[in-house]
Amino acid sequence: GDKVKQSPSALSLQEGTNSALRCNFSIAATTVQWFLQNPRGSLINLFYLVPGTKENGRLKSTFNSKESYSTLHIRDAQLEDSGTYFCAAGTGGYKVVFGSGTRLLVSP
Amino acid sequence: GGIITQTPKFLIGQEGQKLTLKCQQNFNHDTMYWYRQDSGKGLRLIYYSITENDLQKGDLSEGYDASREKKSSFSLTVTSAQKNEMAVFLCASSRQGGDTQYFGPGTRLLVL
């Protein structure tokens, strides 16, 4: 099965609403990175997490290594938040394992 | 700050052709990565390099070669392009293994 499972696979939001994306790990993740791939295809890094929580503007992410999951909360969604969100789990070495992504569409 | 550049942006090849993709970074990062992304899918690791002249195989290395002759550059070669192949190849770098990865804009490959 998938080592990094993202849910939901796709999501539609109205502007101004809130939502949460999730990654579940079946590997012993020690770090998590969250990325946004914008409609032009560029990958932008949003967060790098060890176990704990980080916040940046309208985005907040939590990584719980004991329960093997990470969440990304989006508050007051804006049109420019549209794109595909990826999480990637590190296990202490050089490699990370990517999930399949959550496609987010924010509409007016 | 820094930047990662990838050339070319678009690459159209013929079946059986050997194709080379290039990546340059000015972050002065030690580790560099090549990923493949198929349409609507996640990223799969092809090769990575932890320092100049080092090469490590990823999960998808068959059919590819890589070269890290300088710290700032990492090249990927498709050894024999497959007909109807279409994918985006993404290069990334990080200060050290396991650190935040920064990505280039990608090379879009189409094989006729």
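Residues numbered from 1 in each chain as written. Chains lettered and ligands numbered in written order. Predicted model: local features only at pLDDT ≥ 70, side-chain atom pairs only at ≥ 80, totals over all residues. Heavy atoms only, no water.

Draft legend 1. The arrangement of the interface of chain B and chain A in detail. Taken together, the contact between chain B and chain A spans 21 residues of the former and 18 residues of the latter. The junction of chain B with chain A conceals about 1,600 Å² of combined surface from both sides, 53% of it contributed by carbon and sulfur atoms. It is Leu43, Gly98 and Phe103 of chain B in chain B that bury the most area against chain A; as a group they hold 25% of the surface buried on that side. Across the chain B-chain A interface, the total number found is zero salt bridges. At the junction of chain B with chain A, the criterion picks out eight residue pairs in polar contact (both at pLDDT 80 or more). Among the elements of the structure, strand 4 (31-37), strand 5 (43-49) and strand 10 (102-103) of chain B are those that each provide at least two residues to the side of chain B that touches chain A. If you tally residues by element for the side of chain B that touches chain A, the top one is strand 4 of chain B, at four residues. The class makeup of the residues in the side of chain B that touches chain A is nine nonpolar, eight polar and four charged. (Contact = heavy atoms within 4.5 Å. Buried area = accessible area lost by both parts, 1.4 Å probe. Salt bridge = Lys/Arg side-chain N within 4 Å of Asp/Glu carboxyl O. Polar contact = N/O pair within 3.5 Å; in protein donor to acceptor, adjacent residues only side chain to side chain. Helix = DSSP H or I, 4+ residues; strand = E, 2+ residues; numbered from the N terminus. Nonpolar A, V, L, I, M, F, W, Y, C, P; charged D, E, K, R; others polar.)

Draft legend 2. Up close: the pairing of strand 8 (residues 73-78) of chain B. Residues and elements named next belong to chain B. Across the six residues of strand 8, six count as buried, placing the element largely inside the fold. Across the two faces of strand 8 the burial is the same, with Ser73, Ser75 and Thr77 and Phe74, Leu76 and Val78 all buried. Where strand 3 (residues 19-25) lies against strand 8, six bridges are found, and the strand directions are antiparallel. Looking at the pairing, Gln24 lines up with Ser73 of strand 8. Bridge analysis of strand 7 (residues 64-70) against strand 8 gives five bridges, and the strand direction is antiparallel. Note on strand 8: the bridge partner recorded for Lys70 is Ser73. Joining the antiparallel neighbours strand 7 and strand 8 is a turn of two residues. (Buried < 20%, exposed > 50% of the residue type's maximum accessible area, 1.4 Å probe, protein only. Pairing = 2+ DSSP bridges.)

Draft legend 3. Spatial organisation of the pairing of strand 9 (residues 86-94) of chain B. Residues and elements named next belong to chain B. Strand 9 sits mainly inside the fold: eight of its nine residues count as buried. When strand 9 meets strand 11 (residues 107-111), the two strands line up antiparallel, connected through four bridges. Along strand 11, the bridge assignment pairs Met86 with Leu110. Of the strand pairs in this sheet, strand 9 and strand 10 are connected by two bridges, and their pairing is antiparallel. Directly across from Ala92, in strand 10, lies its bridge partner Phe103.

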